[in-house]
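Letter by letter, the chains look like this.
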Amino acid sequence: MRLQDWPSLLVAACLVQGIVDPDEQEKRLAWKYLDCSNLRNEVDRPVDWPRFRQHLLETPYPENMDAVFEILNRLSTKSASSYDEEARSCLMGVPAAFFYLTRFTLDTMERDEAGRPADPEVVKKATLQYSVFENYISALHPGLINAGNWSFNDEEVFVLRKRILRAYRQLEAKKSTHAPEFKVYVYDEEEVPQLKPLLRSQIYCSRGQWGTDVQVHDYFFASDLQTDDPDEADFFFVPGYAICVLEGNLYSLDEVDELYKDLVTALPYFNASGGRDHIFVFGSGMAQSVFQSWEEYIPQTELFNDFAWVAIPPYRPFKDIVIPGSLDLIEVIAALEKSKPLHERRFLSAFFGRADVARGPHPWVGGVDVRKELLALRELPGTEDMKFGDGATLEVMHEAYGDAKFCFVPRGKSGWSLRFFEVIFAGCIPVMISDKWELPFEDFLDVTRFVIKWPSTQIGPQLIAYLRSLPDSTVQEYMDEAKKIRCWYFYPPKKLDVRSHLQRQHGVCPEGMGQDAFRGIRRILRRRRRKSRTSTKAFYFKDATGQLRYVDTDLRALQ
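Computed from a predicted model, the values in this text were never measured in an experiment.

Student: Is there a simple way to explain unusual backbone geometry in this structure?
Tutor: Among all residues save glycine, negative phi is the norm, and among peptide bonds the norm is trans. In this structure, the amide linkage connecting Y61 to the following residue, P62, adopts the cis form with an omega of 5°. Topologically, P62 is positioned in the loop between α3 (49-58) and α4 (65-76). A positive phi angle, close to 80°, is found at S151, a residue other than glycine. Here S151 lies in the loop between α8 (142-148) and α9 (154-175). You can call S151 partly exposed: its relative accessible area is 22%. A positive phi angle, near 65°, is found at L555, a position not held by glycine. Position of L555 among the secondary structure elements: in the loop between β10 (548-551) and β11 (557-558).

Student: Just checking my understanding: could you explain the nonpolar core for this structure?
Tutor: The nonpolar side chains of a soluble globular protein tend to be buried, and buried together. Among the nonpolar cores identified, the biggest contains 62 residues, and F220, F420, F450 and Y489 are the most heavily contacted of them. Discounting chain neighbours no more than four positions away, the residues touching F220 are V184, V186, L225, Q226, F237, I521 and L525.

Student: What should I look at first to understand the packing of aromatic side chains in this one?
Tutor: For any pair of aromatic rings, geometry is given as the distance between the ring centres together with the angle between the planes. Scanning the entire structure with this criterion turns up 34 aromatic pairs. With centroids separated by 5.7 Å and ring planes inclined at 85°, the aromatic side chains of Y185 and Y187 adopt a geometry described as edge-to-face. Among the residues examined, Y187 registers a relative accessible area of 2% and is labelled buried. Residues F444 and W488 carry aromatic rings whose centres are separated by 4.9 Å and whose planes lie at 65° to one another, so their mutual orientation is edge-to-face. Residue F444 is found in the loop between β7 (429-433) and β8 (452-453), and its partner W488 is found in the loop between α20 (472-485) and α21 (498-505); the two are separated by 44 residues along the sequence. For F444, a relative accessible area of 16% puts it in the buried group. Take W488: its relative accessible area is 8%, and that puts it in the buried class. Lying over the aromatic face of F158, K196 brings its terminal NZ or CZ to 5.2 Å of the ring centre. Taking NZ or CZ as reference, R523 lies 4.2 Å from the ring centre of F444, over its face.

Student: How should I be thinking about the sheet that holds strand β5 (residues 386-389) in this particular structure?
Tutor: Hydrogen bonds along the backbone pair up the strands of a sheet, which may run parallel or antiparallel. Pairing in this open sheet of 5 strands is parallel, and the strands run β5-β4-β6-β7-β8 from one edge to the other. Here the strands that pair on one side only, and so sit at the sheet edges, are β5 and β8. Pairing analysis gives 3 bridges linking strand β4 (residues 347-352) to strand β6 (residues 404-410), with the strands arranged parallel. Paired with F347 across the strands is A404, a residue of β6.

Student: How should the sheet that holds strand β9 (residues 539-542) be read in this particular structure?
Tutor: Taken in spatial order, the 3 strands of this open sheet run β9-β10-β11, and their pairing is antiparallel. With one partner strand each, in any of the chains shown, β9 and β11 form the two edges of the open sheet. Here β9 runs beside β10; their pairing, made up of 4 bridges, is antiparallel. Note on β10: the bridge partner recorded for K542 is L548.

Student: Just to check I follow, could you spell out the pairing of β10 for this structure?
Tutor: For a regular strand, side chains alternate in direction, first toward one face of the sheet and then toward the other. Here β9 folds back onto β10, and the loop between the two strands holds 5 residues, one of which, G546, carries a positive phi near 90°. Two elements, β10 and β11, share 2 bridges in a ladder whose sense is antiparallel. Within β11, the position partnered with Y550 by the bridge is L558. The turn joining β10 and β11, which pair antiparallel and follow one another in sequence, is formed by 5 residues; a positive phi near 65° is taken by L555.

Student: How should the pattern of salt bridges be read in this particular structure?
Tutor: Pairs can form between side chains of opposite charge whenever their charged atoms are close. Applying the stated criterion across every chain, the model contains 37 salt bridges. Here R103 ties to D107 by a salt bridge, and the two come within 4.0 Å at their closest N and O atoms. With R103 and D107 both in helix α6 (residues 93-108) and 4 residues apart, the pair spans about one turn of that helix. Since its relative accessible area comes to 26%, R103 is described here as partly exposed. The partly exposed category is assigned to D107, whose relative accessible area is 39%. Linked through salt bridges whose partners overlap, the residues forming this network are K162, R166, D188, E189 and E190.

Student: Which parts of the structure should I look at to understand the confidence of the model for the protein chain?
Tutor: Interpreting fine coordinate detail is not advised for predicted regions of low pLDDT. Of the residues in the protein chain, 85% have a pLDDT of 70 or more, and the chain-wide mean is 85. Counting contacts from residues 297-311, a segment whose pLDDT is below 50, to residues more than four positions away or on other chains yields 81 contacts.

Each value, and the rule that gives it
Residues numbered from 1 in each chain as written. Predicted model: local features only at pLDDT ≥ 70, side-chain atom pairs only at ≥ 80, totals over all residues. Heavy atoms only, no water. Helix = DSSP H or I, 4+ residues; strand = E, 2+ residues; numbered from the N terminus. Buried < 20%, exposed > 50% of the residue type's maximum accessible area, 1.4 Å probe, protein only. Core = buried A, V, L, I, M, F, W, Y, C linked by side-chain atoms within 4.5 Å. Contact = heavy atoms within 4.5 Å. Phe/Tyr/Trp six-rings, centres within 6.5 Å; stacked < 30°, edge-to-face > 60°. Lys NZ or Arg CZ within 6 Å of the ring centre and 35° of its normal. Pairing = 2+ DSSP bridges. Salt bridge = Lys/Arg side-chain N within 4 Å of Asp/Glu carboxyl O. pLDDT = per-residue confidence, 0-100.

Written out as structure tokens, the structure is:
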């Protein structure tokens, strides 16, 4: 038996979103019944998931494929939402079927003499199949995947994902008709084993606020910028998901620090330039303290309250690039849908957040308790049209942002906040109250045209009076300018991903606009390209054979 109707299967997976963002009840169910044993006595279900799981455990791949095809064919004849419905009942069942489907497609595709896929259409099919798997399972911690024991583990997922990215890269390379403006060498865990611990849980780490680390890694690995020749590289990308492996309780803070120290000393092309041409991504406010021993490479604009002893921001404009936080496509769509025209907006301003010690002034440096001051505004007379809230759902917040003219964006635990990107897509003018925050892409975006930056020492009646003083014509100008540039703050899904269909369906940042976060990063890196691979700690000369040598002060060879 084979899967007969792949196109309709793809459309079904594209049009529904269910398990992409599971609710709390579904998460609890996943923890309690990873093996779906709670469905054992439900005889009227389209799929007997406990029996399917047992078959996978007892039947090795590829002999198990007949059962996989049978399951997927059965679901493809049901309603368009059948995959979501089944995944809600048995969280790992549908992903397990797509895991083996993707693997089988990769294993059976024809290849040319160089080992590259011969048929681009088969590569597309495998990539789309994998994206269905990933979108269903991305909410699961790797520990859950392993504990579920559906005959594959997180390590096997890592291998499958890498195979898909390589195939995707080969497909994109065939499309390229011009040489890229610069080239990037991406370190690999096979070349540098010290990378492996920092690359755990790629799927789990690819979603949500910290997804930036994985998304940028994927982009460089699969883009036309990638090169396998270090001699022609202008930059060297060092992947790592520090904040995710820390917050996911895979490693402690001290362990993460040790992992990075071991990694840096093992990078073969680091010493020649002293790391000047090496790119590290740290996608959270905590970044500067995740790698405690190497702060000078951490692109952060402010201090992180949880680490009071770090009192000097390590961000340096000449070497660091501020990039957008990762706002999930589902959130972008929700924010856009709630955005009202100016004349329909009922509120002057909106702010959702809480004031606590973690989000107050830095413990050593001090400063204004911005959130406390903002929340105090609601006690003033005449503020009935100012919306405040705490602990609200994303839906409630998006609705408020889309119904307000101005949205306050104070600092969080660190200088930046994901709220900035949320309100931009909701059409609300961000009023940034974080004195030291430098916004992403200020190199080529004039942020004064779409952002109001207000001093933290001036929160009070004067702030309200200023906002009320702005005529609607000025407010509309701010809104129009933000709409023109907001897609620079969006990380689009890969073209061969079911989410790209969702992106097109909702008209989110069309590719023809020429704006997205990856393009923004690329644009800045193009300017940062250095012709010389040198540093103050490296010495260089040609030997008698004409070979260029890099050495240290003791004439010991450097890479």
